[in-house]
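Residue strings, one per chain:
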Amino acid sequence: MTFYYRPTVTDAFASIQYIMTKANFGWLIRSVHRWSASMMVLMMVLHVFRVYLTGGFKKPRELTWVTGVVLAVLTASMPCGNDSSGITTFTTMMLSSGKSLGHMVPNAGGTA
């Protein structure tokens, strides 16, 4: 996909169409990538529930829990910057809602 995708405003959609219709197995690679990303988020959510229900965040695993929270935030924020069609309305909405969520955290988001 890296060889065929052109991340410019004028060529992005046409290059995605080319990948999906004419590149060898481009439709398969793009679909597997999308489904894998969705499955990763689903597995992360299930893992968070399991850790919560089994108490895996209690002593002596606090550092492991903090590391997991950082990785969960990074995983949840990946769609904000990796939208393959450029800056869209959806991307703008996600970034603005993330910014407003930051203002809700005490001592982290500034003044609301």
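Below is a summary of the structure that appears in this document. (Residues numbered from 1 in each chain as written. Predicted model: local features only at pLDDT ≥ 70, side-chain atom pairs only at ≥ 80, totals over all residues. Heavy atoms only, no water.)

## Digging into the packing of aromatic side chains
So, step 1. Summed over all chains, the structure comprises two aromatic pairs.
So, step 2. Ring geometry for Tyr4 versus Tyr18: centroids 5.4 Å apart, planes at 50°, classification tilted. One end of the pair, Tyr4, is in the segment before α1 (12–21); the other, Tyr18, is in helix α1, and 14 residues separate them in sequence.
So, step 3. With a relative accessible area of 34%, Tyr18 lands in the partly exposed category. (Phe/Tyr/Trp six-rings, centres within 6.5 Å; stacked < 30°, edge-to-face > 60°. Helix = DSSP H or I, 4+ residues; strand = E, 2+ residues; numbered from the N terminus. Buried < 20%, exposed > 50% of the residue type's maximum accessible area, 1.4 Å probe, protein only.)

## A word on the side chain of Ser15
So, step 1. Structurally, the position occupied by Ser15 is in helix α1.
So, step 2. Reaching out from Ser15, the side chain makes a polar contact with the backbone oxygen of Ala12 at a distance of 2.8 Å.
So, step 3. Beyond its immediate sequence surroundings of up to four residues, Ser15 is in contact with Tyr4, Tyr5 and Arg6. (Polar contact = N/O pair within 3.5 Å; in protein donor to acceptor, adjacent residues only side chain to side chain. Contact = heavy atoms within 4.5 Å.)

## Looking at the environment of Ala12
So, step 1. Along the polypeptide, Ala12 turns up in helix α1.
So, step 2. Owing to a relative accessible area of 9%, Ala12 belongs among the buried residues under this scheme.
So, step 3. In this structure, Ala12 is in contact with Tyr5 and Arg6, ignoring residues within four places of it in sequence.

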